[in-house]
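# Summary of structural features
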Amino acid sequence: MADALLVNAAVLGALMLAMWRLAVRIGDVSFIDAVWGAGMALLALTSWLLAEQPGTRATMIAAMAVIWGLRLCLHLLGRWRTSGEDPRYARMLGKDRERGRYAGAALRRVFLPQAFLLYLTCLPAQLGVLASSDAPIDPLAQAGLFLWLLGMVFEVKGDAQLKAFRADPANRGKVLDSGLWRYTRHPNYFGDCCVWWGIWLAAAEARPLPEVFAQRYGTITIGDRGGIIVHGTRLNAPLEAV
């Protein structure tokens, strides 16, 4: 298993270096948010490919992470292509850009920290796939699948409602408080938590303890606006429903 995790780390490192070079070439790191989802999907897929005789549970866990990751990647990539450079990253790297140190700052302050955090957060899926081997889908894994499905509904529907709200010029400056957003401040982040705790439950039969720290970290960062704080800079706006 250790060898597979090292291979995963190397694959993720190669992806992040390639994306860093692209970011330097276009002068914008904002698409890193979309890479987060793609990276999760990639780690789950490589874990499945490296697993010895992956059974139904390993395949289910990998599919849960891949589907979630690709959906998030496409959603955020579309938002980036529509909105352009994220002002948060522009502020964070603005002084380095002026001083001609953009490339090094982008690597040090964005891509390397996010590569580490992405790998850590995805450990439940990686370890769950690699440790499940040819195990069947047991009741605990079924409960995890149900929680994952609930999370996907909240995340997909919440994102769709927010996108439609922002697309209407009449809503500029207003707060979304209808649909799922009427019941929770961030239904998409609530769905995110459900998705990854569902993956953890599905994997818990095989790897109950090593992933707990990673899963607690993922929940804490999502609960704190889903943001990542890199070198004192919070990478999420105070209220996404605006």
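To be clear, the structure that these remarks concern was listed above.
This section reports on the structure supplied with the text. (Residues numbered from 1 in each chain as written. Predicted model: local features only at pLDDT ≥ 70, side-chain atom pairs only at ≥ 80, totals over all residues. Heavy atoms only, no water.)

This part takes up unusual backbone geometry. Of note in this structure, Q53 is not a glycine but carries a positive phi near 50°. Here Q53 lies in the loop between α2 (32-50) and α3 (56-83). (Helix = DSSP H or I, 4+ residues; strand = E, 2+ residues; numbered from the N terminus.)

All right, on to the nonpolar core then. V29, W68, F111, W196 and I199 are the most contacted members of the largest nonpolar core, which has 55 residues in total. Tallying contributions element by element places α3 first for this core, with 11 residues. Look past the residues within four positions of W68 in its chain and what remains in contact with it is W36, G37, M40, W148, M152, E155, D192, V195 and W196. (Core = buried A, V, L, I, M, F, W, Y, C linked by side-chain atoms within 4.5 Å. Buried < 20%, exposed > 50% of the residue type's maximum accessible area, 1.4 Å probe, protein only. Contact = heavy atoms within 4.5 Å.)

Turning to the environment of R25, a few remarks are in order. As for its placement among the helices and strands, R25 is situated in helix α1 (residues 2-26). Relative accessible area serves as the criterion here: at 67%, R25 is assigned to the exposed category. It is 9.0 Å that separates the C-alpha atoms of R25 and A103, two residues lying 78 residues apart in sequence.

Turning next to helix α4 (residues 87-98). Counted at 1.5 Å a residue, the expected span for α4 with its 12 residues is 16 Å, and the 16 Å between its end C-alpha atoms agrees. All of the buried residues in α4 are R88, Y89, M92, L93, G94 and D96. Looking one or two places after α4, you find G100, whose phi comes out positive at around 75°. (Expected span 1.5 Å × (residues − 1).)

The topology assignment puts S47 in helix α2. Beyond its immediate stretch of four places on either side in the chain, S47 contacts N8, Q126, V129 and L130.

Take the pattern of salt bridges next. According to the stated counting rule, one finds 8 salt bridges in the structure shown. The partner of D138 in a salt bridge is R57, with the nearest N and O atoms 2.8 Å apart. One end of the pair, D138, is in the loop between α6 (123-132) and α7 (139-167); the other, R57, is in helix α3, and 81 residues separate them in sequence. Across the pair, R57 and D138 agree in class, each one buried. The partner of D96 in a salt bridge is R101, with the nearest N and O atoms 3.7 Å apart. The exposure class of D96 is buried, given its relative accessible area of 7%. Connected through shared salt-bridge partners, D33, D86 and R88 make up one network. (Salt bridge = Lys/Arg side-chain N within 4 Å of Asp/Glu carboxyl O.)

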